[in-house]
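Fold and contact review
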Amino acid sequence: MRQYIFGTGLLSAITGGVTLLRGLRNHEPFTWRTALAWLSWGITLALAVGAVVDTRRARRGHTISGDSPVAKKQQKLLKKRLSR
């Protein structure tokens, strides 16, 4: 489970969210740039969580969609699990 939580995608999404929260705490005005930053953070977080879910599904032997970044490594991850 640690390999999922401490993945670089999730860590960068979390630190980006912390940075955005600090901006809110400083009572700066909410502008269109701030809205785009929050939207970008949401997309980044969704992609990171999706990659974690796809990796876990591939390791358990479930099929994943072909547009996933993990799709090419699916057979390798399954073989690694079966060798345990």
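For the structure itself, consult the block above.
In what follows, the accompanying structure is described. (Residues numbered from 1 in each chain as written. Predicted model: local features only at pLDDT ≥ 70, side-chain atom pairs only at ≥ 80, totals over all residues. Heavy atoms only, no water.)

Digging into the packing of aromatic side chains
Counted by the stated rule, this structure contains one aromatic pair. Aromatic pair Trp38 and Trp41: ring centres 5.6 Å apart, planes at 85°, arrangement edge-to-face. Remark: Trp41 and Trp38 occur in helix α3 (residues 32-59); sequence separation between them is three residues, near one turn of the helix. The class of Trp38 is partly exposed, set by a relative accessible area of 24%. (Phe/Tyr/Trp six-rings, centres within 6.5 Å; stacked < 30°, edge-to-face > 60°. Helix = DSSP H or I, 4+ residues; strand = E, 2+ residues; numbered from the N terminus. Buried < 20%, exposed > 50% of the residue type's maximum accessible area, 1.4 Å probe, protein only.)

What about α3?
Between its terminal C-alpha atoms α3 stretches 41 Å, which fits the 40 Å expected from 28 residues at 1.5 Å a residue. Backbone geometry just after α3 places Gly61 at a positive phi near 95°. (Expected span 1.5 Å × (residues − 1).)

Things to note about the environment of Gly23
With respect to the secondary-structure elements, Gly23 resides in helix α2 (residues 8-25). Take Gly23: its relative accessible area is 27%, and that puts it in the partly exposed class. The spatial distance from the C-alpha of Gly23 to the C-alpha of Thr34 is 8.9 Å, given a sequence separation of eleven residues.

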